[in-house]
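Spelled out, the chains give:
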Amino acid sequence: MRKICILSMAFSLFFSGLCQGAYADDYQSAPPVESDVFADIASSINKVSAPYMKGDYVVFTQKKNARYMGIAFDFEKYRTIHQFQIKHMRDSDYQIEDSIYFYILKLPKNVQTLNYRLVVDGLWTTDPMNSNRKYNAEAGLVLSQLNVSRYVPEVTEKKDSGKVRFVYNGKSGEQVRLGGSFTNWDSWIYEMIEVAPGLYQIDLALPPGQYQYAFYCGMKSYPDKTNPERCYTPDGRVASLLVVK
């Protein structure tokens with residue numbers, strides 16, 4: 001027990017120092033899980049198993065043999081401990097016959113490998129339901145690791161470079177242009193580049209603000225299919241709305 005406590009303390013101190021250092025503001029948070037998706041996934045959980053993926057979500061389950069169960073992830077620099085929830089398994093008379101701890105994670109877009117640790121009654125530990133491990137030399141501890149690689153479609157968004165990448169999916173060989181409020185609706189300033197068959201992109205440095213835009217092929221304009229936010233152009237056409245923060 002003494003060894004476990006020392007390791008737990010070392011792990012906490014290591015990541016506490018990490019968060020207060022160079023990475024203090026350089027991390028991302030787990031995106032929220034939509035209520036309907038949460039209800040659908042939670043209803044499908046019927047046993048304790050190794051962590052598994054459902055689309056862009058990861059489901060973690062554990063036996064309920066502790067008073068508290070939490071989980072922390074490397075992409076958040078271990079700054080947040082997410083608490084597991086409890087699902088009661090009931091018999092035909094609606095009596096509780098078993099209980100399961102579970103946590104549902106919505107994966108950030110750029111995460112393809114997930115490193116994490118559990119917190120069980122205040123002690124850091126690896127996931128007993130996941131045999132995949134990774135040794136962290138800096139902390140001197142073993143982390144649980146999960147391969148979450150998947151196809152992530154390109155969408156219009158602000159990139160790490162600070163620029164906004166506009167994305168258009170169409171037919172190969174088209175001449176696609178970009179116009180919007182940032183060009184005074186002149187669609188002949190920016191021509192997009194076909195980076196893959198039918199995939200067109202262009203990166204623009206846009207300061208924080210709200211922008212309206214559309215894609216143009218010939219004289220026709222099209223809203224951005226990768227961005228659900230819509231608006232109307234000054235001449236009454238449907239366009240896309242983008243907020244840059």
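Residues numbered from 1 in each chain as written. Predicted model: local features only at pLDDT ≥ 70, side-chain atom pairs only at ≥ 80, totals over all residues. Heavy atoms only, no water.

Caption draft 1: View of the nonpolar core. Core analysis: the biggest nonpolar cluster contains 18 residues, and F60, I71, F73, F84, L105, L114 and Y116 have the highest contact counts within it. If you list the elements that add at least two residues to this core, you get β2 (57-63), β3 (69-73), β6 (96-106) and β7 (113-120). The residues touching L114, leaving out its near neighbours within four places in the chain, are F60, F73, D74, F75, L105, L107, S144, Q145, L146 and V148. Membership of the second largest hydrophobic core comes to 16 residues, among which are F166, Y213, C217 and L242. (Core = buried A, V, L, I, M, F, W, Y, C linked by side-chain atoms within 4.5 Å. Buried < 20%, exposed > 50% of the residue type's maximum accessible area, 1.4 Å probe, protein only. Helix = DSSP H or I, 4+ residues; strand = E, 2+ residues; numbered from the N terminus. Contact = heavy atoms within 4.5 Å.)

Caption draft 2: Highlighting the pairing of β3. Within β3, five of the five residues are buried, which leaves it mostly tucked inside the rest of the structure. Two strands pair when backbone bridges link them, and β3 and β7 are joined in this way by five bridges, in the antiparallel orientation. Pairing of A72 across the sheet is with R117, part of β7. (Pairing = 2+ DSSP bridges.)

Caption draft 3: Layout of the sheet that holds β6. With antiparallel pairing, four strands are arranged side by side in an open sheet as β1-β2-β6-β5. With one partner strand each, in any of the chains shown, β1 (52-54) and β5 (85-90) form the two edges of the open sheet. Taken over all neighbouring pairs, the strand axes of this sheet differ in orientation by 35° on average, direction set aside. The pairing of β5 with β6 spans six bridges and is classified as antiparallel. For I86, the partnering residue across the bridge sits in β6 and is Y101. Along the sheet, helix α2 (residues 35-44) makes contact with β1, β2, β5 and β6, crossing β6 at roughly 140°. (Axes fitted to C-alpha atoms, helices over the stretch in contact; angles between N-to-C directions.)

Caption draft 4: Region of interest: the pattern of salt bridges. Throughout the structure, instances matching the rule amount to six salt bridges. With a shortest N-O distance of 2.8 Å, E34 and K106 are connected by a salt bridge. A residue pair is termed long-range when its members are at least 10 positions apart, and E34 in the loop between α1 (2-20) and α2 and K106 in strand β6 qualify at 72 residues. Residue E34 is classed as partly exposed on the basis of its relative accessible area, which comes to 33%. For R150, the salt bridge identified is with D56, shortest N-O distance 3.1 Å. (Salt bridge = Lys/Arg side-chain N within 4 Å of Asp/Glu carboxyl O.)

Caption draft 5: Seen up close, the side chain of Q62. Tracing the sequence through the fold places Q62 in strand β2. Take Q62: its relative accessible area is 4%, and that puts it in the buried class. Of the polar contacts made by the side chain of Q62, one reaches the side chain of D127; its length is 2.6 Å. If near-sequence neighbours (up to four positions away) are discounted, Q62 is found in contact with V48, M69, F84, I100, Y101, L118, D127, P128 and M129. (Polar contact = N/O pair within 3.5 Å; in protein donor to acceptor, adjacent residues only side chain to side chain.)

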